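# Structural description and commentary
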Amino acid sequence: MPRQYVANGARAAMAILATLIASHALRYYGVLGHVWLGIDPKLRAVIEHAPVQALTHMLIAPIALLVGPFQFYPQLRARYPTLHRVAGRLYVAACLIAGVGALATAPYASGGPVAGFGFGLLAICWIATTCAAWRAAVRRDFARHRLLMRFSYAMTFAAATLRLQIPIGLALGASSYSAMSPWLAYTSWIPNVILVALYSTAEKRRRLAIAAE
Ligand code: HEM
């Protein structure tokens, strides 16, 4: 079934990218031991200005990025439902803690107030959507839970889309990450959210058409 191959390919690509980016973020653990290896000087300034907020975000967010993709494998969910629930709680906790850290770091964003506003808005939407998705699961409204978790991970995956867009920005002439971050604070997540909305609408239409046959 070609559609299934596309879905499996997309999930695998998502898991690989998420794993690579979360592993790269491990360098921020070095900061706890005053090792600043591979850290942009402007981001170092952000961390030195707001260490608790920034490190809470940068050390915890990769957990959400890493755990998320595996929650979307139907076979894993069906075979190991307890693992799905435990990993789900870990994902929600990581999003909420890292989201509060991100919101508190946004005013100090290295790209200035426009970047700070975009990241702040993302943090609020991330926290709200993840909470709503979790509440839907508790109420056993699994259709709503599935939909809201897609939106939640679309925002978590901003960490990956942002880093994929950096080489494009540099190729287009931007001088540094901070110079392009007023754009990245929006382009890293709004397209992901639109994509999930379009995919979910098309899926619903397909289901209704099958039911009507
Ligand atoms: C989805 C909501 C997120 C928001 C609102 C957010 C917000 C922020 C903000 C404001 C900064 C400071 C950037 C600057 O000064 O320009 C930052 C940096 C960072 N964030 Fe996030 N972030 C989010 C998701 C994630 C995720 C899922 C990860 C997982 C890898 C992550 C990892 C990092 C890292 C490692 C940095 C340091 C900068 C870098 O290495 O590029 N963030 N984030």
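Residues numbered from 1 in each chain as written. Predicted model: local features only at pLDDT ≥ 70, side-chain atom pairs only at ≥ 80, totals over all residues. Heavy atoms only, no water.

Take the site of the ligand next. In the region of the ligand, 23 residues are neighbours, and Y28, H57, S110, F119 and R163 sit closest. For the ligand, a nitrogen atom lies 2.8 Å from a polar atom in the side chain of H57. Contact distances for the ligand include 3.2 Å between an oxygen atom and a side-chain N or O atom of Y177. Elements that contribute at least two residues to the shell around the ligand include exactly α2 (41–49), α3 (51–67), α6 (113–138), α7 (142–156) and α8 (158–171). If one sorts the elements of the shell around the ligand by residue count, α3 sits on top with 5 residues. Classifying every residue of the shell around the ligand gives 18 nonpolar, 3 polar and 2 charged. (Near = heavy atom within 4 Å. Polar contact = N/O pair within 3.5 Å; in protein donor to acceptor, adjacent residues only side chain to side chain. Helix = DSSP H or I, 4+ residues; strand = E, 2+ residues; numbered from the N terminus. Nonpolar A, V, L, I, M, F, W, Y, C, P; charged D, E, K, R; others polar.)

All right, on to the coordination of the iron atom of the ligand then. A lone protein donor binds the iron atom of the ligand: H57 (NE2), at 2.0 Å. Here H57 shows up in helix α3. (Donors = N, O, S within 2.8 Å, 3.2 Å for Na, K, Ca; no water.)

With that settled, consider the packing of aromatic side chains. All told, the structure shown has 3 aromatic pairs when counted by the stated rule. Taking the centre distance of 5.8 Å and the plane angle of 55 degrees together, the rings of F72 and Y153 count as tilted. Here F72, found in the loop between α3 and α4 (74–79), pairs with Y153, found in helix α7; they are 81 residues apart in sequence, far enough to count as distant. Judged by relative accessible area, which is 18%, F72 ranks as buried. Geometrically, the ring pair formed by Y153 and F157 is tilted, given 5.9 Å between the ring centres and 40 degrees between the ring planes. (Phe/Tyr/Trp six-rings, centres within 6.5 Å; stacked < 30°, edge-to-face > 60°. Buried < 20%, exposed > 50% of the residue type's maximum accessible area, 1.4 Å probe, protein only.)

Let us look at α8. In a regular helix each residue adds 1.5 Å, so 14 residues correspond to 20 Å; α8 covers 20 Å between its end C-alpha atoms and thus fits that length. At Q165, α8 shows its largest bend, some 25 degrees, and a proline, P167, comes one to four positions later. Listing the buried residues of α8 in full gives A158, A160, T161, L162, I166 and G169. Count one or two residues on from α8 and you reach G173, which has phi positive near 110 degrees. (Expected span 1.5 Å × (residues − 1). Bend = angle between axes of the 7 residues up to and from the residue.)

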